[in-house]
Amino acid sequence: MTRVGIYTHDFKFYHDIIKELKRWNLPFFSIPDLYSIPGDINVILSSEQDPFTLPGQIKAVTATEAIRRSLPVLLNKSQFTRVIIGIDPGPRPGIAVMADNVLMEAWECPTICGVKDDVLDVVKNYSYRYIMIKIGNGDRPNRDIIIKQLKNIAPMVIVNEENTSTPHKIHDNALSAARISLIDDRYDTSRTPVKFSRKNIYDKEFITLHSLI
């Protein structure tokens with residue numbers, strides 16, 4: 001198992017990165033000194049304010065930026081070939097990031113006004129050769145607002161989101177966004193697992209970052 005190393009003199013960054021790594025459910029190790037770096041650590045996260053430079057180090061302003069920039073390294077890549085941002089339009093849009101067919105993250109944006117900033121952060125923080133946006137064809141009024149917000153940020157296509165909200169008993173907008181990110185024609189319902197729970201639906205249906213680390 002690969003772990004993320006943390007070495008920083010920035011207390012706020014240290015606090016934030018610990019909190020975010022736990023939220024992402026990524027294994028990590030707080031490095032006490034540079035003579036005590038375990039062999040399973042191939043990336044070290046530090047604050048942009050730290051004055052030192054280390055092998056395998058990623059410096060970032062925010063914890064989320066640091067984690068996103070470390071993801072290819074954790075999967076033994078220098079960068080992703082293809083990143084797709086899936087969006088389920090609505091008053092509380094779902095957003096998901098699929099990188100080389102692996103689900104990195106998925107969340108629900110509290111308001112439609114926050115979609116642009118969230119997408120811009122993904123575009124800026126991930127390392128890739130190509131990126132595109134797939135947005136579902138539902139909820140036309142909110143969809144059109146989102147399309148207008150995201151114009152010229154990245155190539156964008158509208159896809160048929162039929163069946164991405166099933167099963168209704170467990171549906172959430174982030175899950176729909178993850179499904180939308182994989183659609184070329186329409187969502188293949190055979191992908192939906194027979195037995196699942198709200199807790200494990202992502203790991204059952206997708207190849208996830210957590211399953212590979």
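Going by the structure above, here's the rest.
Residues numbered from 1 in each chain as written. Predicted model: local features only at pLDDT ≥ 70, side-chain atom pairs only at ≥ 80, totals over all residues. Heavy atoms only, no water.

**Q** Just checking my understanding: could you explain the overall build of the protein chain for this structure?
**A** Across its full length, the protein chain carries seven helices and nine strands. Taken against the 2.2 N^0.38 rule, which gives 17 Å for 213 residues, the C-alpha radius of gyration of the protein chain at 18 Å falls within 12% of a compact globule. The principal-axis extent of the C-alpha atoms belonging to the protein chain is close to 55 × 40 × 30 Å. Counting the 213 residues in the protein chain, one finds 49% classified as buried. Considering only residue pairs separated by 6 or more positions, the protein chain has 61% of its internal contacts joining residues 24 or more positions apart. Working note: accessible area of the protein chain is about 10900 Å², and carbon and sulfur atoms make up 52% of it. (Helix = DSSP H or I, 4+ residues; strand = E, 2+ residues; numbered from the N terminus. Rg over C-alpha atoms; globule rule 2.2 N^0.38 Å. Buried < 20%, exposed > 50% of the residue type's maximum accessible area, 1.4 Å probe, protein only. Contact = heavy atoms within 4.5 Å. Areas by Shrake-Rupley, 256 points an atom, 1.4 Å probe, with all protein chains shown as cover.)

**Q** What's the story with the layout of surface pockets in this structure? I'm lost.
**A** The gaps left among the atoms become clear once a water-sized probe is rolled over them. By volume, the largest pocket amounts to about 520 Å³. Lining of the largest pocket is provided by 14 residues; of these, R23, W24, M104, E105 and A106 occupy positions nearest its centre. Elements represented by at least two residues in the lining of the largest pocket include exactly α1 (11–24), β7 (102–108), α6 (201–205) and α7 (209–212). Counted by class, the lining of the largest pocket contains seven nonpolar, three polar and four charged residues. (1 Å grid on protein atoms, 1.4 Å probe; cavity = no way out; pocket = protein on both sides within 12 Å on 5 of 7 lines; lining within 4 Å. Points joined across faces, edges and corners; volume = space filled by probe spheres on them. Nonpolar A, V, L, I, M, F, W, Y, C, P; charged D, E, K, R; others polar.)

**Q** Looking at this model, I keep getting lost on the side chain of E65. Mind explaining?
**A** Residue position: E65 is located in helix α2 (residues 63–74). The class of E65 is buried, set by a relative accessible area of 15%. Every residue in contact with E65, bar those within four places of it in the chain, is listed here: A60 and N125.

**Q** Help me understand the pairing of strand β8 (residues 128–136), please; the structure alone is not making it clear to me.
**A** The side chains of a regular strand alternate between the sheet's two faces. Summarising the sheet, strand β5 (residues 80–88) and β8 pair through seven bridges and their orientation is parallel. Bridging from a neighbouring strand, V83 pairs with I131 of β8. Pairing analysis gives four bridges linking β8 to strand β9 (residues 156–159), with the strands arranged parallel. The residue of β9 that forms the bridge with K134 is V157. (Pairing = 2+ DSSP bridges.)

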